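Chains, contacts and geometry: an overview
Here are the chains, one letter per residue:
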Amino acid sequence: MRLVIDERRCKGCNLCTMVCPYRIFKQGSKPNARGIVVPELDRPERCANCRLQALYGRTLCGMCQMICPDQAISWQEEEKNEPRKVAIEF
Amino acid sequence: MTYTEWLREDRLPHIYCAGCGNGTVINCTLNAVDQMGWKKEETVFVSGIGCSSRAPGYIMTDSLHTTHGRALAFATGIKMASPDLNVVVFTGDGDLAAIGGNHFIHACRRNIDLTVVCMNNQIYGMTGGQGSPTTPMGALSTTTPYGSREPTFDLCELASAAGANFVSRWTSYHVKELTRAIHNGLKTSGFSFIEAAVQCPTNYGRRNKFRQVMDQIEYFKTHAVLQQKADRLREEGKPLPENSIVVGEFVHRNRPAMGVKR
Ligand code: SF4
Ligand code: SF4
Ligand code: SF4
């Protein structure tokens, strides 16, 4: 699963940046085509939901999705073996 | 099934301002309704007038958007005519406590099997920020430019005194607890009242020193006091910290109710 922000819905309120225990959401810097500063995702693959949602068959944590007033946050299915850059933390 | 299937995707994004807490309360309510396993065609959402009352328009069920303050009167009618429907009412502080105040206390007294979710933003948001019966003392609004001088309604105490079966209060920061409270309210037969303190960045926040949406959420986070702690402080004879919002489940009882599913 992959965490995505729907740019057509997000209004840039930054509430998601307050609640994530991993601090995945960072305040954005550039306005998008609609003139809204959408938060940036910092290594979203760390989200518990991305990793374990399919295994448990339900939404874990989910704080960001619940607090987002614009229903902009969701998880998408990924292709198998999709190449992706991974940052390793030491 | 997840709660997002209850949303009318074609109507989104909704008209609420950026960071308006009403959107969060819609998420929590739909999540709780989804956990109940209700069918869409057996669920009705009712609302009056105000920002909060736009909510049923974004939900994929039958709904009624009624006249100002009369949401509970219409909901009572639905429940009396067909008790098998599950009725959830969205309302705001102005709609419920000011214009619909009398309907509110009588719906509590009759203990009709409804679940009422009140999005209390402490101001009349839609009409331009006039003071409402829950605008706190000292808060600025367009009708109280020098700070409100009126004591406010405590909606939860009002509902408990009038006879509701379930009364609870949370804020839009406490999404998990709010969802659980609404779920408990839906399960309880009789009148369930859940007050959700929400931020209104456009009309309340920017007049009252909450420059960012996050500031008001931070305020909810730091000023919420659990009911158990409030009781303990009262027993010890200590005063509650100033401006605290007491949250928790206040009443859960089993008075005789009207309009319960047969
Ligand atoms: S589900 Fe939880 S961990 Fe994952 S991004 Fe949202 S808040 Fe962070
Ligand atoms: S909470 Fe939702 S609307 Fe607000 S910035 Fe985050 S994704 Fe955008
Ligand atoms: S005026 Fe206030 S309550 Fe109404 S949509 Fe805007 S922020 Fe929300």
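Everything in this summary refers to the structure shown in the same document. Just so it is clear, the structure is predicted and the values come from calculations on it, not from any experiment.

Here we take up the overall build of chain B. The helix and strand tally for chain B stands at eight helices and eight strands. On C-alpha atoms alone, chain B measures out to a radius of gyration of 17 Å, which is about the 18 Å that the 2.2 N^0.38 rule sets for 262 residues. Dimensions of chain B, computed from the C-alpha atoms along their principal axes, are close to 50 × 45 × 35 Å. Looking at chain B as a whole, 56% of its 262 residues are labelled buried. As presented, chain B carries roughly 11,300 Å² of accessible surface, and 51% of it is formed by carbon and sulfur atoms. If the 27 positive side-chain charges of chain B are averaged to one point and the 23 negative ones to another, these points end up 2 Å apart.

A word on the overall build of chain A. For chain A, the helix and strand inventory stands at three helices and four strands. Written out in order from the N terminus, the α and β elements of chain A read β-α-β-β-α-α-β. Relative to its length of 90 residues, chain A is compact, with a C-alpha radius of gyration of 13 Å against a globular reference of 12 Å. Dimensions of chain A along its principal axes, counting C-alpha atoms only, are 35 × 25 × 25 Å. In chain A, which comprises 90 residues, the proportion classed as buried is 47%. Of the contacts formed within chain A by residues at least 6 apart in sequence, a portion of 57% connects residues at least 24 apart. Accessible surface, chain A: about 5,600 Å² in total, of which carbon and sulfur atoms supply 52%. On chain A, the mean spot of the 15 positive side-chain charges and the mean spot of the 11 negative ones are 3 Å from each other.

Residues and elements named next belong to chain B. Relative to the elements of secondary structure, Thr66 occurs in the loop between strand E2 (62-65) and helix H2 (71-81). The exposure class assigned to Thr66 is buried, which follows from its relative accessible area of 6%. Of note is the side chain of Thr66, whose polar atom sits 3.5 Å from the backbone nitrogen of Ala71. Once residues lying within four places of it in the same chain are set aside, the contact partners of Thr66 are Val46, Ser47, Gly48, Ile49, Ala71 and Phe74.

This paragraph deals with the sheet that holds strand E5 (residues 166-171) of chain B. All names here are of chain B. Spatial strand order, E2-E1-E3-E4-E6-E5-E8-E7: eight strands in an open sheet with mixed pairing. The open sheet is flanked by E2 and strand E7 (224-226), the only strands paired with a single partner. Between one strand axis and the next, the sheet turns by 20 degrees as a mean value, whatever way the strands run. Bridge count for E5 against strand E6 (residues 192-197) is six bridges, and the pairing is parallel. The partner of Ser168 across the bridge, within E6, is Ile194. Across the face of the sheet, helix H1 (residues 21-36) comes into contact with strand E1 (43-47), strand E3 (86-92), strand E4 (115-120) and E6 while running at roughly 160 degrees to E4.

This brings us to the pattern of salt bridges. Under the criterion given, the structure shown has 13 salt bridges over all chains. Of the charged contacts in the structure, one is a salt bridge between Asp10 of chain B and Arg8 of chain B, with a shortest N-O distance of 3.4 Å. Close ionic contact of Asp231 of chain B with Arg234 of chain B constitutes a salt bridge, the shortest N to O distance being 3.2 Å. With a gap of three residues between them, Asp231 of chain B and Arg234 of chain B both fall in helix H8 (residues 227-235), about one helical turn apart. For Asp231 of chain B, a relative accessible area of 28% puts it in the partly exposed group. Looking at Arg234 of chain B, the relative accessible area reads 56%, which means it is exposed. Residues joined by salt bridges that share partners form a network here, namely Asp6, Arg8 and Arg9 of chain A together with Glu9 of chain B.

This paragraph deals with the side chain of Arg9 of chain A. Along the chain, the position of Arg9 of chain A falls in the loop between strand E1 (2-5) and helix H1 (16-19). If we skip the residues at most four places from it in the chain, Arg9 of chain A touches Arg34, Asp70, Gln71 and Ala72 of chain A together with Glu9, Leu12 and Pro13 of chain B.

Residues and elements named next belong to chain B. The topology assignment puts Ile112 in the loop between helix H4 (101-110) and E4. Residue classification places Ile112 among the buried residues on the basis of a relative accessible area of 0%. For the pair Ile112 and Ser189, spaced 77 residues apart in sequence, the C-alpha to C-alpha distance is 8.2 Å.

A separate point is the site of ligand 2. In the vicinity of ligand 2, the contacting residues are Ile5, Cys10, Lys11, Gly12, Cys13, Asn14, Cys16, Pro39, Cys68, Pro69, Asp70 and Ile73 of chain A. Class assignment for the residues of the shell around ligand 2 results in eight nonpolar, two polar and two charged.

All right, on to unusual backbone geometry then. For the peptide bond that leads from Leu12 of chain B to Pro13 of chain B, omega is 0 degrees, which places it in the cis range. Within the fold, Pro13 of chain B resides in the segment before H1. Here Arg43 of chain A, not a glycine, exhibits a phi torsion of approximately 45 degrees, which is positive. Along the chain, Arg43 of chain A turns up in the loop between strand E3 (40-41) and helix H2 (48-56).

Thresholds applied
- Residues numbered from 1 in each chain as written.
- Chains lettered and ligands numbered in written order.
- Predicted model: local features only at pLDDT ≥ 70, side-chain atom pairs only at ≥ 80, totals over all residues.
- Heavy atoms only, no water.
- Helix = DSSP H or I, 4+ residues; strand = E, 2+ residues; numbered from the N terminus.
- Rg over C-alpha atoms; globule rule 2.2 N^0.38 Å.
- Buried < 20%, exposed > 50% of the residue type's maximum accessible area, 1.4 Å probe, protein only.
- Areas by Shrake-Rupley, 256 points an atom, 1.4 Å probe, with all protein chains shown as cover.
- Lys, Arg positive; Asp, Glu negative; His and termini not counted.
- Charge placed at Lys NZ, Arg CZ, Asp CG, Glu CD.
- Contact = heavy atoms within 4.5 Å.
- Polar contact = N/O pair within 3.5 Å; in protein donor to acceptor, adjacent residues only side chain to side chain.
- Pairing = 2+ DSSP bridges.
- Axes fitted to C-alpha atoms, helices over the stretch in contact; angles between N-to-C directions.
- Salt bridge = Lys/Arg side-chain N within 4 Å of Asp/Glu carboxyl O.
- Near = heavy atom within 4 Å.
- Nonpolar A, V, L, I, M, F, W, Y, C, P; charged D, E, K, R; others polar.

Geometry only, nothing functional implied.
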